[in-house]
Amino acid sequence: MENTPGLQRRVDSLLKWGIVFSILWLAGIGSLCSFVLAMKARNMIKQSNGAVIGMGKVRWCLIVGGIGMLIWFPIVVIGIINNL
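Given the structure is predicted, the values throughout are model-derived calculations rather than measurements. (Residues numbered from 1 in each chain as written. Predicted model: local features only at pLDDT ≥ 70, side-chain atom pairs only at ≥ 80, totals over all residues. Heavy atoms only, no water.)

Draft legend 1. Geometry of helix H3 (residues 55-82). Taking 1.5 Å of rise per residue, 28 residues should cover 40 Å, and H3 covers 40 Å from first to last C-alpha, within 8% of that figure. Looking only at H3, the buried set comprises Val58, Cys61, Leu62, Gly65, Gly66, Gly68 and Met69. Contacts made by the buried residues of H3 are with helix H1 (4-23) and helix H2 (29-47). (Helix = DSSP H or I, 4+ residues; strand = E, 2+ residues; numbered from the N terminus. Expected span 1.5 Å × (residues − 1). Buried < 20%, exposed > 50% of the residue type's maximum accessible area, 1.4 Å probe, protein only. Contact = heavy atoms within 4.5 Å.)

Here is the structure:
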């Protein structure tokens, strides 16, 4: 396991990009990236047994990224159906 300051920097970096991608929707790809980065950060935080903080930012990325994917999925399905 990485030392706590190094692990905290990695989690902070993941969550920083997760928040950026959650705001920049990028046709749903940003939302997906945000969701994946939040899951990675959440796993790192859980493995640290409370030594690393950031669950609020993880929740933000999961919620906003999830909403973006919920919007993106029907748009893609409708586009595919209209082109058949």
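Once the structure has been displayed, the description carries forward.
Draft legend 2. Region of interest: the state of the cysteines. In this structure the tally under the stated criterion is zero disulfides. In this structure Cys33 is a free cysteine whose sulfur lies 11 Å from that of Cys61, the closest cysteine sulfur available. Looking at Cys61, the relative accessible area reads 0%, which means it is buried. (Disulfide = S-S within 2.5 Å.)

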